[in-house]
Amino acid sequence: MEFALGGWSHVIREENVSPSFKGKNKLEETVLESELGDLVCMQSLTLQHYPANACLLPICSLHGAAVTTVEGVGSTKARIHPVQERVAKCHGTQCGFCTPGMVMSIYTLLRNHPEPTLDQLTDALGGNLCRCTGYRPIIDACKTFCKTSGCCQSKENGVCCLDQGINELPEFEEGNKTSPKLFSEEEFLPLDPTQELIFPPELMIMAEKQPQRTRVFLTLKELLEAKENPQAPIVMGNTSVGPEVRFKGAFHPVIISLNECIEELSVVNHADDGLTLGAGLSLAQVKEILAEVIQKLPEEKTQTYHALLKHLGTLAGCQIRNMASLGGHIVSRHLDSDLNPLLAVGNCTLNLLSKEGERQIPLNEQFLTKCPSADLKPGEILVSVNIPYSRKWEFVSAFRQAQRQQNALAIVNSGMRVFFGEGGGIIRELSIAYGGVGPTTICAKNSCQKLIGRPWNEEMLDAACRLILDEVSLPGWAPGGKVEFKRTLLISFFFKFYLKVSQILKTMVNGTDRVLAFPVLGVLVMPKVEYESALEDLHSRNHWGTSKYQDVDPKQLPQDPIGRPIMHLSGIKHTTGEAIYCDDMPVLDGELFLAFVTSSRAHAEIVSIDLSEALSLPGVVDIVTEEDLRGVNSFCLLIEPEKLLETQEVSCVGQLVCAVVADSEVQAKQAAKKVKIVYQDLEPVILTIEEAIRHHSFFQGERKLEYGNVDEAFKVVDQILEGEIHMGGQEHFYMETQSMLAVPKGEDQEMDVYVSSQFPKYIQDIVAATLKVPANKIMCHVKRVGGAFGGKVTKTGIMAAITAFAANKHGRPVRCILERGEDMLITGGRHPYLGKYKAGFMNDGRILALDVEHYCNGGSTLDESLFVLETGVLKVDNAYKFPNLRCQGWACKTNLPSNTALRGFGFPQSGLITENCITEVAAKCGLSPEKVRMMNMYKEIDQTPYKQEIDATNLIQCWKECMAMSSYSLRKVAVEKFNSENYWKKKGLAMVPLKFPVGFGSTAACQAAALVHIYLDGSVLVTHGGIEMGQGVHTKMIQVASRELRMPMSNVHLRGTSTETVPNANVSGASLVADLNGLAVKDACQTLLKRLEPIISKNPKGTWKDWAQAAYDESISLSATGYFRGYETHMNWETGEGHPFEYFVFGAACSEVEIDCLTGAHKNIRTDIVMDIGHSINPALDVGQIEGAFIQGMGLYTIEELKYSPQGVLYTRGPDQYKIPAVSDVPTELHVSFLPPSQNSNTLYSSKGLGEPGVFLGCSVFFAIHDAVRAARQERGLLGPLKLDSPLTPEKIRMACEDKFTKMIPRDEPGSYVPWNIPV
Ligand SMILES: Cc1cc2nc3c(=O)[nH]c(=O)nc-3n(C[C@H](O)[C@H](O)[C@H](O)COP(=O)(O)OP(=O)(O)OC[C@H]3O[C@@H](n4cnc5c(N)ncnc54)[C@H](O)[C@@H]3O)c2cc1C
Ligand code: FES
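The rules we used
- Residues numbered from 1 in each chain as written.
- Chains lettered and ligands numbered in written order.
- Predicted model: local features only at pLDDT ≥ 70, side-chain atom pairs only at ≥ 80, totals over all residues.
- Heavy atoms only, no water.
- UniProt positions renumbered as here; feature names shortened; annotations may be inferred.
- Salt bridge = Lys/Arg side-chain N within 4 Å of Asp/Glu carboxyl O.
- Helix = DSSP H or I, 4+ residues; strand = E, 2+ residues; numbered from the N terminus.
- Buried < 20%, exposed > 50% of the residue type's maximum accessible area, 1.4 Å probe, protein only.
- Contact = heavy atoms within 4.5 Å.
- Pairing = 2+ DSSP bridges.
- Axes fitted to C-alpha atoms, helices over the stretch in contact; angles between N-to-C directions.
- Core = buried A, V, L, I, M, F, W, Y, C linked by side-chain atoms within 4.5 Å.
- Arc of directions from axis to C-beta.
- Parallel < 35°, antiparallel > 145°, perpendicular 65-115°, else oblique.
- Left-handed = near helix turned anticlockwise from the far one by under 90°.
- Nonpolar A, V, L, I, M, F, W, Y, C, P; charged D, E, K, R; others polar.
- Near = heavy atom within 4 Å.
- Areas by Shrake-Rupley, 256 points an atom, 1.4 Å probe, with all protein chains shown as cover.

The name that an unreviewed UniProt entry assigns to the protein is FAD-binding PCMH-type domain-containing protein, with the source organism given as Equus asinus. What UniProt records for the protein under Subunit (unreviewed entry) is the sentence "Homodimer." Turning to the protein, the UniProt annotation filed under Catalytic activity (unreviewed entry) states: "retinal + O2 + H2O = retinoate + H2O2 + H(+)".

What follows is the structure, encoded as structure tokens:
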């Protein structure tokens, strides 16, 4: 076979072909949905570009194709492509790990559509994930290629942003006009399609000649011969077979991989009765074909096609749709298939072929349930599918609800079809099929049968719902959980279908001869107008946003970069794929790979471990156990020592038991599976916070903060309210999984450890302790980290120590890279919280007393749980002055993997508890939550509960500006109007304030150091203790050096972080990395400048080269360390008083959402954020931090849901089960604005740290949904308290919008079954 990679032809002979494509560059996949290549194929002698997931692409499917990876698109060594340039310059990269995938998606889009529409753009990015940026800057970069980039192109309310403003309300014009832009389009390279890579001529000639080859199937006959082999599956897109091989251990010694050359499989045939589509057509092609067909044919013929198109719009991302085939989709018969329910109700037939000949079978329930009599026979292939035209008076609809709008498998989906027949309002045919509610697609056949002959009216609707619920029964323990939600969706979808058909009938009947066409109309009850709101689907597209910041003082020197929106200095390298991460480091001589074996029980004694089979496998070098680590098997980072490996008693699923070391990754992982562990389960198994409370299972160290006299205050208040809220955890989902490479140096017991970590000093310490050598023998190096968010501290150290131990033992380099699933299982995440509160308040909304209890689920070891809890307790007041406050917190010890730091560190949980309490107080007082928030906020100079002074002027300023910028009052009225007119859709609007205290709680923890060298050519090298993990700290440090040394940034370089250059550096986190290290860099530069001043003043017109040489000649040192001793912070928990924080970041966010009360879907309409960030060092990076954190917070509070089995096994171990926000979740409008800067003498150029605060602002979306749900409930007469836990998922939204359908579903007695999952 022959294909091209990066312009070079590759010929692979039969014996070299491996079924999977595995190469160690950007073709190698790390995250299922991120990394891509552009695939150019010849089809009917025209070129087609496809984005493709490298991990799923069988190499043998590449015959005749040209593959372009991000390296082939452009590079710093040759030419940077406009896509790469614009993504970087529009600030679309932070950690850069997702960036090659983004570039490839946009590049491929532009190859096919040089001036794409915004819809095409959103679609193209729909299959990519980014955890850092919040997508807005990436969208901005793409928009520069669109024809109408200035406009939001959102005509949702019939208005355009450029005309009148969204919602027909005055818009945020001032900001748009006065604020400088974060990038300048004028400097962008033009997109010139003539400069693009050409399709290799030799492949072109090959395509034209189509030479016959035996292993490449060009005829159906050859294919059928190959299919005789019962062990060889046909692989089309490999999107179903591939994941089974990669993640579920399926093994196929031979696969039959088809490219698209077999004509019969690519057929598109229009016949009198319908369309025949080849089974080999990709889902993307099917989408295009159907879109064309519905343009040409009358609507009554294309009902099924419309329905299929609707689902094809949200099915996976475009990478998968480009690869997945129609045939593969049908034959794999996934339980949540979006298309099979529609094809089944649409009466489709399948054209099969084998050596015995052709036959046709219906795509019906028997086929879908794999009933042997209705299934494909061995040796048979699916050639094509007949999809009949719909008839007059026939209606087909598609429904689905998923955790996330796009690129998420449906929780439930459905296809529904009704046929009335000419001249009657009576149901003649009815078909309903559901996905997601059983092991395969389920048809409600009996229900449909019983409804035939009935008129389409509300009695029929009622009967249908009951019949469906009876027939499609889901047990309480059903896999996937969400059972009551799924039951509700079954009938909510049918209700939508009922309304939709009724509405069409209404228009059809009005437009035709009413009596002739529909004589029984008398019995058809037309739905009320406000019910029509049930019909429209919620889609967020055509995003746009603005950022407003203060430009630098016009008097500032032009070369001084502080305060300017400088691009991330690795930005271009991120986009070209040249940025090196740990796993990109070249394989070293003799390198080994380490894979962990983890426990499968939550609490058990290990009775025995049998390593023999694993050790006997080829390539296996060693298995490291607790025995090997005797005497060094634990390390204390914070308070309690933590064990490295455990071979006696395990206390969670995912605990590290031993580590297999082998020649290759595949061998290590295969051997790890062969380690046999016998367990004896132990009691109790404590998984949830409630269980921990019941067993009194807490880590030592309750935290308590008390201010005023809470008990006395409760006696004088008008009302007292008690409530609680549970908040689920969150996975870090950094794009680069845990990665490390330990390299023994071969002499003096030295070792270099290259690791993706936020805390090199700790890695150095734990490795040194494990190897029993002094720290000066171990050097830890971190070039950059592909996202961390708090998750690359404690567990990283433990894994690095074991990896280094293996390297030391064998005297060979050892690499360990976790797969996504392992990473999610082992490393823990944000702490789930239970908050209980009792508030005493006056009828006017003033809260006089608040008594709060925090319980966090710490998991099996202490890790950082106590600090997280402490932070939550200290920050419980958020922006409010509660005159009497008590907050107590406990860290629960449970049998879950240990939870750890995650951006915000306890504040996102604590703040939500407080805000929820305020929302409930407001409801009790009959006031808006915003009014109660404002009333209770800190005003001017005051005192926090720990008696630290606070000046809240900027807090109030942020609040007021956010109110004004978001047109809050006008929009509140508009939302109420909308809600009064729409029964099944509700909007919600909410605004939350933010007071985020910044500091580490101790001076020593805030110290930082730097090292600056000036070389004799005048160039400067800066090193500091901070880690570059996407936040742009290295860029900011170079800006600092540039200002201090008064030299251009291009003269300053930064190579990375190492314990060799800056010893004893603190962990990078808590929003303080740039603050602290910047002060150290500034100090070093000032020291150097002071030394050089006499020389510079002697030769003021000289260059840095002159000055450096002169200094050298005068024996003046050109190297200086810089040091910052730390902010003066302290906290005394005995007295409850202190000054634990250096300053406060203030802010406010206002969000508007729309919910679908029938499905629980929500759409983020708009968010306005105002932040007080002092003097920004780099507004582009700071806006990026705020937006990225906000979107991460929005995910935390609305869609990210970790699911655990009742045995403590984490189910959600990959992007297919755990959904982080994607591009479609970004608010349609997102505006970020900074307050005019104010002086803050202690911080770096009066700047403020911004890494974390924005996460909490994501809860404005939570409360906007809360507001919408409350509106729905009020309309339904449900006026009592509303308890909504976080995340506020579609399930929770739907179930809270109670109605006749939620009442209709059967409910299971609690305790009568073991649920599939439990909230922890
Ligand atoms: C990340 C991701 C997201 C996804 N999201 C969605 C989603 O939102 N909604 C949804 O419905 N689906 C989704 N899917 C599933 C996807 O639709 C299916 O995996 C895909 O359609 C299968 O097609 P394929 O060509 O890749 O099948 P393959 O993996 O190539 O084959 C699947 C099976 O079909 C058999 N087969 C293929 N062609 C033939 C033939 N002509 N004759 C006989 N047997 C044949 C193969 O032998 C194999 O057993 C997703 C998949 C992935 C990986
Ligand atoms: S920049 Fe997208 S994941 Fe980090």
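There is more to say after this.
Visitor: Kindly report on the pattern of salt bridges, identifying the contributing residues and their values.
Guide: Under the counting rule described, the total for this entry stands at 71 salt bridges. Between D537 and K310 there is a salt bridge whose closest N-O contact spans 2.9 Å. Of this pair, D537 sits in the loop between α19 (514-517) and β17 (544-548) while K310 sits in helix α11 (residues 303-314), and the two are 227 residues apart along the sequence. Among the residues examined, D537 registers a relative accessible area of 34% and is labelled partly exposed. Judged by its relative accessible area of 33%, K310 is partly exposed. Of the charged contacts in the structure, one is a salt bridge between K676 and E613, with a shortest N-O distance of 2.6 Å.

Visitor: An account of the UniProt feature "binding site: substrate" (unreviewed entry) in the protein is requested, with residue identities and associated values reported.
Guide: The residues that UniProt annotates with the feature "binding site: substrate" (unreviewed entry) are F905. Along the polypeptide, F905 turns up in the loop between β34 (884-893) and α29 (907-925). Non-local contacts of F905, meaning those with residues more than four positions away in its chain, are made with R830, E864, F867, V868, T871 and E1252.

Visitor: Tell me about the UniProt feature "binding site: FAD" (unreviewed entry) in the protein, and name the residues and values.
Guide: Following the UniProt record, one finds the feature "binding site: FAD" (unreviewed entry) at I234, V235, M236, G237, N238, T239, S240, V241, D338, L382 and R400. Separation in sequence by 167 residues is matched in space for these annotated residues, since their most distant C-alpha atoms are 29.0 Å apart. Looking at the element boundaries, I234 is found in strand β6 (residues 234-235). A relative accessible area of 24% means that I234 is categorised as partly exposed. When sequence neighbours within four positions are dropped, the list of residues in contact with I234 reads L223, K227, I256, L258 and I381. The topology assignment puts M236 in the loop between β6 and α9 (241-248).

Visitor: Just give me the short version of the sheet that holds strand β13 (residues 394-402), but keep the residues and values in it.
Guide: In a beta sheet, neighbouring strands pair by backbone hydrogen bonds and run either parallel or antiparallel. The sheet built from four strands is open, its strands ordered β13-β14-β15-β16 with antiparallel pairing. On the outer flanks of this sheet lie β13 and β16 (442-443), each paired with one strand and no other. Strand direction decides the pairing type here: β13 and strand β14 (residues 410-419), joined by nine bridges, are antiparallel. Across the sheet, the residue bridging to F395 is V418, located in β14. On top of the sheet, α11 reaches β13 and β14; it is set at about 15° to β13, its chief contact.

Visitor: Describe in detail the nonpolar core, supporting the description with residues and values.
Guide: In this structure, W456, F494, I802, W984 and M1171 are the most contacted members of the largest nonpolar core, which totals 301 residues. One finds A52, L312, L326 and V345 within the second-largest nonpolar core, a separate group that totals 64 residues.

Visitor: Tell me about helix α35 (residues 1104-1113), and name the residues and values.
Guide: For α35, the full list of buried residues reads W1104, W1107, A1108 and A1111. The buried residues of α35 occupy an angular sector of 100° when projected down its axis, which confines them to one face. Residues of α35 that are exposed and point more than 90 degrees away from the buried face comprise K1105 and D1113.

Visitor: Give me the lowdown on the packing of helix α4 (residues 118-125) against helix α5 (residues 136-143), citing residues and values where you can.
Guide: Contact geometry of α4 with α5 gives a least axis separation of 11 Å together with a crossing angle of 135°. Classified by the interaxial angle, the pair formed by α4 and α5 is oblique. When the axes of α4 and α5 are compared, the crossing they make is right-handed. Of the residues in α5, those in contact with L118, L121 and L125 of α4 are I138, I139, C142 and K143. The residue makeup of the contact of α4 with α5, split by class, is six nonpolar, no polar and one charged.

Visitor: Before we move on, can you summarise the site of ligand 1 with the specific residues and values?
Guide: Taken together, 29 residues surround ligand 1, and among them I234, M236, T239, S325 and D338 come closest. Taking 980 Å² as the accessible area of ligand 1 by itself, protein coverage stands at 91%. Elements with a contribution of two residues or more to the shell around ligand 1: β6, α13 (326-332) and β12 (381-388). Class assignment of the residues belonging to the shell around ligand 1 gives a composition of 16 nonpolar, 10 polar and three charged.

Visitor: Explain unusual backbone geometry to me, and be specific about the residues and the numbers.
Guide: Between E683 and P684 the backbone carries a cis peptide bond, its omega angle lying at -10°. As for its placement among the helices and strands, P684 is situated in the loop between β25 (676-681) and α23 (689-695). Omega for the bond connecting S1286 with P1287 falls within 30 degrees of zero, at 0°, which places this linkage in the cis form. Here N878, not a glycine, exhibits a phi torsion of approximately 40°, which is positive. Structurally, the position occupied by N878 is in the loop between α28 (865-874) and β34. Non-glycine residue R1046 carries a positive phi angle of around 55°.

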